[in-house]
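Fold and geometry: a report
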Amino acid sequence: MKKLSLVIVFLFAAASYAQMPAQDEIELIQEIFGSEKKEIISENIDLSGVDAAKFWKLYDEYELARKLNGQERIKLLSTYASTTSAISNEMAESMLEKAIMIRSANENNLMKYTKKIKKATNPIVAAQFYQIEQYIADGIRFSILDNMDFIQDK
């Protein structure tokens, strides 16, 4: 897979979570990220012999749901970054529940659209889609985790 200029985008996003960006800044980050990501998808998924229009329609639907989850994730990361020095048990519990809910929603969304893409195209296209999505998501997760502090017992 080509070297991702996405690295710049999600390093910027990871660095920005310490101060909650405005909604329009979040949307701009997502727009840049989305166009870079779409280019990676188009370069790495072989749509020859399948209905590419169906794939892209499903991909766009998937991206809308993924972006909504992403906005929730950015808000949660911002909350976490601003409260790590003064986190209470109640705050930790609330953030943990929210993090689990967001991660679960992301996984469910990916599974739902992988199945739809498989049905609309074929299993290879669906597997390629799933693999690339996981690769990008894991890269973002690792970048964020590498740049954040662990919760300390207070």
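Provided above is the structure to which this section pertains.
So, a few notes on the structure that sits alongside this text. Just so we're clear, the structure is a prediction, and the values are computed from it rather than from any experiment.

What counts and how
- Residues numbered from 1 in each chain as written.
- Predicted model: local features only at pLDDT ≥ 70, side-chain atom pairs only at ≥ 80, totals over all residues.
- Heavy atoms only, no water.
- Axes fitted to C-alpha atoms, helices over the stretch in contact; angles between N-to-C directions.
- Helix = DSSP H or I, 4+ residues; strand = E, 2+ residues; numbered from the N terminus.
- Parallel < 35°, antiparallel > 145°, perpendicular 65-115°, else oblique.
- Nonpolar A, V, L, I, M, F, W, Y, C, P; charged D, E, K, R; others polar.
- Expected span 1.5 Å × (residues − 1).
- Polar contact = N/O pair within 3.5 Å; in protein donor to acceptor, adjacent residues only side chain to side chain.
- Contact = heavy atoms within 4.5 Å.
- Core = buried A, V, L, I, M, F, W, Y, C linked by side-chain atoms within 4.5 Å.
- Buried < 20%, exposed > 50% of the residue type's maximum accessible area, 1.4 Å probe, protein only.
- Phe/Tyr/Trp six-rings, centres within 6.5 Å; stacked < 30°, edge-to-face > 60°.
- Left-handed = near helix turned anticlockwise from the far one by under 90°.

This part takes up the packing of helix α3 (residues 52-83) against helix α4 (residues 89-120). Where α3 meets α4, the closest approach of the two axes is 10 Å, and the angle between their N-to-C directions is 170 degrees. As summarised for this structure, α3 and α4 are arranged roughly antiparallel, according to the angle between their axes. Within the contact of α3 with α4, the residues separate by chemical class into 15 nonpolar, 5 polar and 7 charged.

Moving on to α3. Here α3 is 32 residues long and its end C-alpha atoms lie 46 Å apart, about the 46 Å a rise of 1.5 Å per residue gives. Residue D51 occupies the N-cap position of α3, its side-chain oxygen lying 3.2 Å from the main-chain nitrogen of A53.

Turning to its location among the elements, T114 is positioned in helix α4. For the pair T114 and Q128, spaced 14 residues apart in sequence, the C-alpha to C-alpha distance is 9.5 Å. Beyond its immediate stretch of four places on either side in the chain, T114 contacts A126, F129 and Y130.

This part is about the nonpolar core. Ranked by size, the top nonpolar core spans 28 residues in total, and within it I41, I45, L47, F55, I117, V125 and F129 carry the most contacts. Elements that contribute at least two residues to this core include exactly α2 (23-44), α3, α4 and α5 (123-146). If one sorts the elements of this core by residue count, α3 sits on top with 8 residues. For L47, the residues in contact, after removing those within four places along its chain, are A52, F55, W56 and V125.

Counted under the stated rule, the structure contains 7 aromatic pairs. Ring centres of F55 and Y59 lie 6.2 Å apart, and the angle between their planes is 20 degrees; this geometry places the pair in the stacked category. Here Y59 and F55 lie together in helix α3, a separation of 4 residues that amounts to about one turn. An aromatic cluster is present here, built from F55, W56, Y59, Y62, Y113 and F129 joined pairwise through their rings.

A few words on the side chain of N69. Structurally, N69 is set in helix α3. The exposure class of N69 is buried, given its relative accessible area of 16%. Only 3.0 Å separates the side chain of N69 from the side chain of N106, close enough to count as a polar contact. Those residues in contact with N69 that sit more than four places away from it in its chain are I102, A105 and N106.

This paragraph deals with the packing of α4 against α5. Running from amino to carboxyl end, α4 crosses α5 at an angle of 160 degrees, the nearest separation of the two axes being 8 Å. One way to sum up the angle between α4 and α5 is to call them roughly antiparallel. Helix-helix and strand crossings are classified by hand; for α4 and α5 the assignment is right-handed. Taking contact as the criterion, the partners of R103, E107, L110, Y113, T114, I117 and K118 in α4 are, on α5, P123, V125, A126, F129, Y130, E133, Q134 and R141. Here the contact of α4 with α5 is built from residues that sort into 8 nonpolar, 2 polar and 5 charged.

What follows deals with the side chain of N109. Its location among the elements puts N109 in helix α4. Once residues within four sequence positions are removed from consideration, N109 is found in contact with Y62, A65 and R66.

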